[in-house]
Amino acid sequence: MPSKTSARLDVAFPSSGDECRAWLFTPDVANPPLVILGHGLGGTREYGLEPFARRFADAGIAALTFTYRHFGDSGGQPRQLLDIGRQLGDWAAALAYARSLDGFDTSRIALWGTSFAGGHVIEAAARDGAVAAVVSQCPFTDGLAATRAASPRSLARAMVPALRDEVARLRKKPPVLVPLVGPHGSAALMTSPDSEPGYRALIPPGVHFENGVSARFLNHVGLYRPGRAARKVNAPILFCICDTDAVAPPETALRYAATAPRGEVKRYPIGHFDIYRGEPFEHAVRDQTDFLVRHLKVG
């Protein structure tokens, strides 16, 4: 176990034969609880997760932020493969790694996910059954609802590369990519007016951004409805909902939040990408820290 004198430690853990790179933030307290943080579509740990992790560590909660396989500096081939099953596998691997660490209270492990990972943490918590708390921020909860809310023109344009990518998969060729963010009506996954500027604002100077993921994702996302697992999560779960979210429909998230046995809801009058910066960030991170401190029994 690395020394706790470092504010941020570079670590890695195995996931199905590949490696997920991560940062471990350790508070200066004995036997702290731990929260695992993961990002949304195409996001890596560099894209705005560190400020949340540092606030949690300041409150006495260790934080592990990781990058999925196939993205960033994590392993996995082919690159930019956005696969729901593999990402859920990475969450299970992150939990196994966290529970293997010495010097932490492994009975007090929480999950924190934003955007697409806001849905992953619901599903991962339901499958695991032993996490102590969950934070689901501006969550993607229903692929069918998200597809209905998307631009029909964008969906139509994206289906061509999606079909080409399926052919590439069968031929064991590199993936055909579709942009993550782009103008309204383009063949990107996110095309609301705030998507491209909001996403790019999360990327620190000098950090590479690959604006593309495997297009085959579009053939499967409509069937992914992680919000349905909320009723199976017995741990306390905080839903942080952005009321003017144009990417992850807030009314759908609210409907699923109502089914969680120990669900709590905080609402913010902002869009999908506003929660990472400025006063909206301060408001949300205070709410999340209070929730985690309370349910992880910090202090």
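Residues numbered from 1 in each chain as written. Predicted model: local features only at pLDDT ≥ 70, side-chain atom pairs only at ≥ 80, totals over all residues. Heavy atoms only, no water.

> Hey, could you run me through the overall build of the protein chain in this one?
Regarding its fold elements, the protein chain presents eight helices and ten strands. Taken over C-alpha atoms, the radius of gyration comes to 18 Å for the protein chain, in line with the 19 Å a tight globule of 299 residues would show. Projecting the C-alpha coordinates of the protein chain onto the three principal axes gives extents of approximately 55 × 40 × 35 Å. Within the protein chain, buried positions represent 58% of all 299 residues. For the protein chain, the share of sequence-separated contacts (at least 6 apart) that also reach a separation of at least 24 residues comes to 73%. (Helix = DSSP H or I, 4+ residues; strand = E, 2+ residues; numbered from the N terminus. Rg over C-alpha atoms; globule rule 2.2 N^0.38 Å. Buried < 20%, exposed > 50% of the residue type's maximum accessible area, 1.4 Å probe, protein only. Contact = heavy atoms within 4.5 Å.)

> What am I meant to see in the side chain of Glu123 here?
Counting through the fold element by element, Glu123 comes out in helix H3 (residues 116–128). The buried category is assigned to Glu123, whose relative accessible area is 18%. The contact partners of Glu123, leaving out residues within four places of it in the chain, are Leu88, Tyr224, Pro226 and Ala229.

> Would you take a moment to explain the pairing of strand E5 (residues 109–114) for this structure?
Consecutive residues of a regular strand have side chains that alternate between opposite faces of the sheet. Counted residue by residue, E5 has six buried out of six residues, so it is predominantly covered. In E5, alternate side chains face the same way, and those of Ile109, Leu111 and Gly113 on one face and Ala110, Trp112 and Thr114 on the other are all buried. Pairing between strand E3 (residues 34–38) and E5: five bridges, direction parallel. In the sheet register, Ile36 faces E5, and the bridge partner there is Leu111. Relative to strand E6 (residues 133–137), E5 runs parallel, the two being bridged by five bridges. (Pairing = 2+ DSSP bridges.)

> How should I be thinking about the packing of aromatic side chains in this particular structure?
The geometry of an aromatic ring pair comes down to the distance between the two centres and the angle between the two planes. What the rule picks out here adds up to 16 aromatic pairs. Seen from their ring centres, Phe66 and Tyr68 are 5.2 Å apart, and the 80 degrees between their planes marks the pair as edge-to-face. No difference in accessibility class separates Phe66 from Tyr68, as the two residues are buried. One residue, Arg45, lies across the ring of Trp23, its end atom 4.8 Å from the ring centre. Residue placement shows Arg255 over the ring face of Tyr256; its charged tip is 5.6 Å from the ring centre. (Phe/Tyr/Trp six-rings, centres within 6.5 Å; stacked < 30°, edge-to-face > 60°. Lys NZ or Arg CZ within 6 Å of the ring centre and 35° of its normal.)

> What am I meant to see in empty space enclosed by the protein here?
Sizing a probe to match a water molecule and rolling it over the atoms shows the empty space that remains. Under the counting rule described, the total for this entry stands at one cavity of 30 Å³ or more. Estimated volume of the largest cavity: approximately 80 Å³. His39, Gly40, Leu41, Gly43, Ser115, Met190, Tyr199, Leu202, His272, Phe273 and Tyr276 together form the lining of the largest cavity. A class-by-class count of the residues in the lining of the largest cavity yields six nonpolar, five polar and no charged. (1 Å grid on protein atoms, 1.4 Å probe; cavity = no way out; pocket = protein on both sides within 12 Å on 5 of 7 lines; lining within 4 Å. Points joined across faces, edges and corners; volume = space filled by probe spheres on them. Nonpolar A, V, L, I, M, F, W, Y, C, P; charged D, E, K, R; others polar.)

> Explain the nonpolar core to me, please; I cannot follow it from the model alone.
Most often, soluble globular proteins keep nonpolar side chains buried together rather than apart. Counting residues in each nonpolar core, the largest one holds 97 residues, and the members touching the most others are Ile36 and Leu292. The biggest single contributor to this core is helix H2 (residues 84–100), with eight residues. (Core = buried A, V, L, I, M, F, W, Y, C linked by side-chain atoms within 4.5 Å.)

> When you look at helix H7 (residues 250–257) in this model, what are you seeing that I'm missing?
In an α-helix there are 3.6 residues to a turn, and that puts residues three or four apart on one side. Of the positions making up H7, those classed as buried are Pro250, Thr252, Ala253, Tyr256 and Ala257. On an axial view of H7, the arc spanned by its buried residues comes to 160 degrees, and they lie on one face. (Arc of directions from axis to C-beta.)

> Sorry if this is basic, but what is going on with the sheet that holds strand E10 (residues 263–268) here?
Through backbone hydrogen bonds, the strands of a sheet pair up, either in parallel or in antiparallel fashion. Spatial ordering of the open sheet is given by E1-E2-E4-E3-E5-E6-E9-E10, a layout of eight strands whose pairing is mixed. Each of the sheet's edge strands pairs with one partner strand only, and the pair in question is strand E1 (8–15) and E10. Direction aside, neighbouring strands of the sheet carry axes that sit 20 degrees apart on average. Here H2 sits on the sheet and contacts E1, strand E2 (18–25), E3, strand E4 (62–66) and E5; the angle it forms with E1, its principal contact strand, is near 120 degrees. (Axes fitted to C-alpha atoms, helices over the stretch in contact; angles between N-to-C directions.)

> Would you explain the layout of surface pockets in this entry?
Space inside the largest pocket adds up to approximately 490 Å³. Ala146, Ala150, Leu189, Met190 and Val247 are, among the 27 residues lining the largest pocket, the residues nearest its centre. Contributions of two or more residues to the lining of the largest pocket are made by helix H4 (143–149) and helix H5 (152–170). Split into classes, the residues belonging to the lining of the largest pocket amount to 17 nonpolar, ten polar and no charged. Around the second largest pocket, the lining is made up of 14 residues, and of these Leu81, Asp83, Arg86, Arg169 and Arg216 lie nearest the centre. Of all the elements in the fold, those that place two or more residues in the lining of the second largest pocket are H2 and H5. In the lining of the second largest pocket, the residues fall into seven nonpolar, one polar and six charged.

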